Each structure stands twice: as structure tokens, then as C-alpha cells.
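Secondary and tertiary structure notes
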Amino acid sequence: MKWSELCIHTTNEAIEPISNILHEAGASGVVIEDPNDLIKERESVFGEIYELDPNDYPEDGVYIKAYLAMNSFLGETVNEIKQAVNNLLIYDIDIGSNEITLSEINEEEWATAWKKYYKPVKISERVTITPTWEDYKPVSSDELIIELDPGMAFGTGTHPTTVLSIQALERYLTKDQTIIDVGSGSGVLSIASILLGAKEVFAYDLDEIAVKSTILNAKLNKVEDKIYAKQNNLLTNVNQQVDVIVSNILAEIIMRFEKDAYNCLKPGGLFITSGIIQAKKQQVKDALAAAGFEIIELTQMEDWIAIIAKKM
Ligand SMILES: C[S@@+](CC[C@H](N)C(=O)[O-])C[C@H]1O[C@@H](n2cnc3c(N)ncnc32)[C@H](O)[C@@H]1O
């Protein structure tokens, strides 16, 4: 696949709103090139310094780079991004020189560009996600490590929606439970479930490549005998009853299968939903309640919400 690298020269103040705009526009990976990083040491736990090239950095302000798949919507997406960034002026956000460049890169360059930034990340109390190419040594004896090769399609496992899902699994999952992961992507939530003590996970994704990615990553983490990955549209024709269903998928999609989720849970079972943008929170809560769930917890990271609901 061909990728486009969109680079915006802006200010520190605009990093967060612009990153949000880029994520919402569907960018795969947003990186910030801030000259302060050239002098800043990485998280002390890892005790290393980023291998950064000063030529990649602006003298003032920051570069925000996003990777967009080259498809027929690209022009439209870029225009929407430009418009949304300009709109930040209405909120008195300084967007600096706001120079925007677009360049084409190939898959290999994308992977290399991305690898530079993708480092081990502590996701929750116990779980750390590390890319396959890092030789990461656990800091404590009860630390659980997920090795991921995110490939091109499914992100790094460190998106707020994934983090919220893993944190909820860590709090609610108990030993030997059976789990369904709807929209398994890289398989990160399935793997986390097994490492946290689940007996088995049924992982479903509509996308054939995601299913392959789940299988590969399960093997990489030596949990392939406990994760059954299959191509499936949400919970269509799934007739089992499990202890926990986890799904990190958009609000609109959650609201397409909340009733099926209810039917696929044992009484008292939990539905951990993530990927819900703040503005859609109430709609999802209402849909879950209408299906018979009791909402037991809401968590938030940045603009993203996770809802933990119990089958009554
Ligand atoms: C945001 S990703 C989450 C990936 C992974 N679970 C995580 O937390 O990082 C959502 C996933 O849902 C899958 N998906 C979207 N619509 C689906 C559907 N109707 N049925 C099954 N999977 C679907 C996508 O292919 C994608 O892999």
C-alpha cells in the first residue's frame, strides 16, 4: 500500500487539537517532532535515548506528521483536515505558520518512520506492550508483556481506546473465564485477556487481514492454543455464552450489536466497550440500558470513553 505523509508545521499549543483532528480523519499513526525531544531523555524506566535526527525537527514550533492511506478519498480528507485546523483560530488557538506539506512514501519508509517512535509502553498496572524489534526486559516480576508486530493496519496497541480496554480487562477479568473479543484487529485484547488469566478467547473480526494478524500475534506471544480467531461480522451466528465480551470499536458499531452481546453473555457477564467518542457516550449508555445491561463503570482517556456494562 502507498502512504501519504502529511506534515503540519505548528505550535506546541496546537499539538493536542491537531492530533485529535488527524486521528478523527483516520490517520494511521500521528507523530510529533518537537525539538525539545532532542534533549529530553526517554521515560527513565527504559533509560535510553531516542535515536533522533536533528534534521527531522523544526527550529521553532513542532512538526506533526500523520500517515494517510493513498485512496480516492485522500484529497477530500486533506481538505477536511486543513479546514478543521483553520477552524482552531476561532478558539484562539495559535496554529503558527500552519505550513502543510503532503508527500508520498512507500510501505518500507512508513514502517521505518514509525518504528523510530514505537517503543515499549506501560499500558496498565501490569501490562506493557513492546514492539517485536525491541529487546525489552521486564521491570517487575509480575509484569505482563505483550509483544506486537503492528504491521501496517492495526496500530500499535497504545491508542487510548485500546489502553482503556486493557485497563478494564485487568480490573474485571477473573481466572479461567471465557472471553469474546469483537473486532480483534492485532489481537492485542485477546492476548491481554489470556495473560491476565482467561481460559480461552474467541476473537472475531470482519477483516480477513485482522484475523491473520490476531493469529500471528497470538503465536508470537505463545498463546495461540487459547485464542480462536475467525472472520465474522460482529456476533452474527455466534451462539455461545461467555463471561466477558470486550469490543474496541466505534460507538455506531457497538449500537449495532448490543442485543447480541447481551444474548452471548452468561448472567452477570460483562460487556467491556471502548472506542466511544465523548459526544456519543449517552447514546451508547442508553442503548446498553435498553438491551438490559446495568452500566457499572465509565472510564475516560483524552476524548475517548469506555463503558463497562453488566448483564442483569
Ligand atoms: C479500533 S480496531 C480495534 C482493534 C483491537 N481490538 C484494539 O483494541 O487495538 C476495530 C476493529 O474492529 C474491526 N471491525 C469493524 N467492523 C467490524 C464488524 N462489523 N465485525 C467485526 N469486526 C469489525 C476492524 O476490522 C478493526 O480490526
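What you see is a predicted model, and the numbers here were worked out from it, not measured in a lab. (Residues numbered from 1 in each chain as written. Predicted model: local features only at pLDDT ≥ 70, side-chain atom pairs only at ≥ 80, totals over all residues.)

Right, let's get into the pairing of strand β7 (residues 144-148). On β7, burial follows the alternation: Leu144, Ile146 and Leu148 on one face are buried, whereas Ile145 and Glu147 on the facing-out side are not. The pairing of strand β6 (residues 127-131) with β7 spans five bridges and is classified as parallel. Paired with Ile129 across the bridge in β7 is Ile146. (Buried ≥ 20, exposed ≤ 12 C-beta atoms within 10 Å, placed from the backbone. Helix = DSSP H or I, 4+ residues; strand = E, 2+ residues; numbered from the N terminus. Pairing = 2+ DSSP bridges.)

Once that is clear, we can look at the UniProt feature "binding site: S-adenosyl-L-methionine" (unreviewed entry) in the chain. Sites flagged by UniProt as "binding site: S-adenosyl-L-methionine" (unreviewed entry) map to Thr162, Gly183, Asp205 and Asn248. Within the secondary structure, Gly183 sits in the loop between β8 (178-182) and α5 (188-195). Note on Gly183: 21 C-beta atoms within 10 Å, which makes it buried. Once residues lying within four places of it in the same chain are set aside, the contact partners of Gly183 are Asp205, Ser247, Asn248 and Ile249. Looking at the element boundaries, Asn248 is found in strand β11 (residues 242-248). (UniProt positions renumbered as here; feature names shortened; annotations may be inferred. Contact = placed C-beta atoms within 7 Å.)

Across the sheet, four strands lie side by side as β2-β3-β1-β4; this open sheet has antiparallel pairing. Both edges of this open sheet fall to β2 (30-33) and β4 (99-105), since each of them pairs with a single strand only. Within the sheet, the average angular offset between the axes of one strand and its neighbour, ignoring direction, is 20°. When strand β1 (residues 3-10) meets β4, the two strands line up antiparallel, connected through seven bridges. Bridged to Cys7 within β4 is Thr101. Against the sheet, helix α1 (residues 15-24) contacts β1, β2 and β3 (62-69), and its axis sits at roughly 5° relative to β3. (Axes fitted to C-alpha atoms, helices over the stretch in contact; angles between N-to-C directions.)

Neighbouring residues of the ligand: 23 residues in total, closest Gly183, Gly185, Leu206, Asp207 and Asn248. Elements with a contribution of two residues or more to the shell around the ligand: α4 (160-172), α5 and β9 (200-205). Considering only residue class, the shell around the ligand consists of ten nonpolar, eleven polar and two charged. (Near = placed C-beta within 6 Å. Nonpolar A, V, L, I, M, F, W, Y, C, P; charged D, E, K, R; others polar.)

Moving on, we come to the nonpolar core. Ranked by internal contacts, the top residues of the largest apolar core, which has 58 residues, are Leu169, Ala192, Ile245 and Ile272. Examining the composition of this core, we find that six residues originate from one element, strand β14 (residues 304-311), more than from any other. If near-sequence neighbours (up to four positions away) are discounted, Ile245 is found in contact with Ile180, Val182, Ala261, Cys264, Leu265 and Phe271. Ile8, Ala14, Ile18 and Ile21 belong to the second largest nonpolar core, which has 15 residues in total. (Core = buried A, V, L, I, M, F, W, Y, C linked by C-beta atoms within 7 Å.)

Strands sit in the order β5-β6-β7 across an open sheet of three strands; the sheet is mixed. Of all strands in the sheet, those bounded by a partner on one side alone are β5 (121-122) and β7. Each of β6 and β7 is contacted by α5, which is oriented at about 155° to β7, the strand it contacts most.

In the sheet, β11 pairs with strand β12 (residues 265-277) via six bridges, with the strands oriented parallel. Across the sheet, residue Ser247 finds its bridge partner in β12, namely Thr273. Regarding topology, helix α7 (residues 251-263) serves as the crossover connection from β11 to the parallel β12, and that connection is right-handed. Relative to β14, β12 is paired through six bridges, and the arrangement is antiparallel. Counterpart to Phe271 in the pairing with β14 is Ala309. (Right-handed = clockwise from strand over helix to strand, strands pointing away.)

The subject of this paragraph is the packing of α1 against helix α2 (residues 74-87). At a minimum axis distance of 10 Å, the contact between α1 and α2 shows a crossing angle of 155°. One element, α1, and the other, α2, form an angle in the roughly antiparallel class. With respect to the hand of their crossing, α1 and α2 are arranged in right-handed fashion. Judged by residue contacts, Ile18, Ile21 and Leu22 of α1 engage Ile81, Ala84 and Val85 from α2. (Parallel < 35°, antiparallel > 145°, perpendicular 65-115°, else oblique. Left-handed = near helix turned anticlockwise from the far one by under 90°.)

Below, the discussion takes up the confidence of the model for the chain. Summary statistics for the chain give a mean pLDDT of 87 and a share of 88% for residues scoring 70 or more. Predicted confidence is poor over residues 40-50, with pLDDT under 50, and the contacts of this stretch with residues over four places away or in other chains come to eight contacts. Taken together, the chains of this predicted complex give a pTM of 0.72 and an interface ipTM of 0.99. (pLDDT = per-residue confidence, 0-100.)

Attention shifts here to the packing of α7 against helix α8 (residues 281-291). For any two helices packed against each other, one specifies the crossing angle of their axes together with the interaxial distance. One way to put it is that α7 packs onto α8 with a least axis distance of 9 Å and a crossing angle of 10°. Overall, the two elements α7 and α8 adopt an arrangement that is roughly parallel. The two elements α7 and α8 meet at a crossing, and its hand is right-handed. Judged by residue contacts, Ala251, Ile254, Met255, Glu258, Lys259 and Tyr262 of α7 engage Gln283, Val284, Ala287, Leu288 and Ala291 from α8. A per-class count over the contact of α7 with α8 returns eight nonpolar, one polar and two charged.

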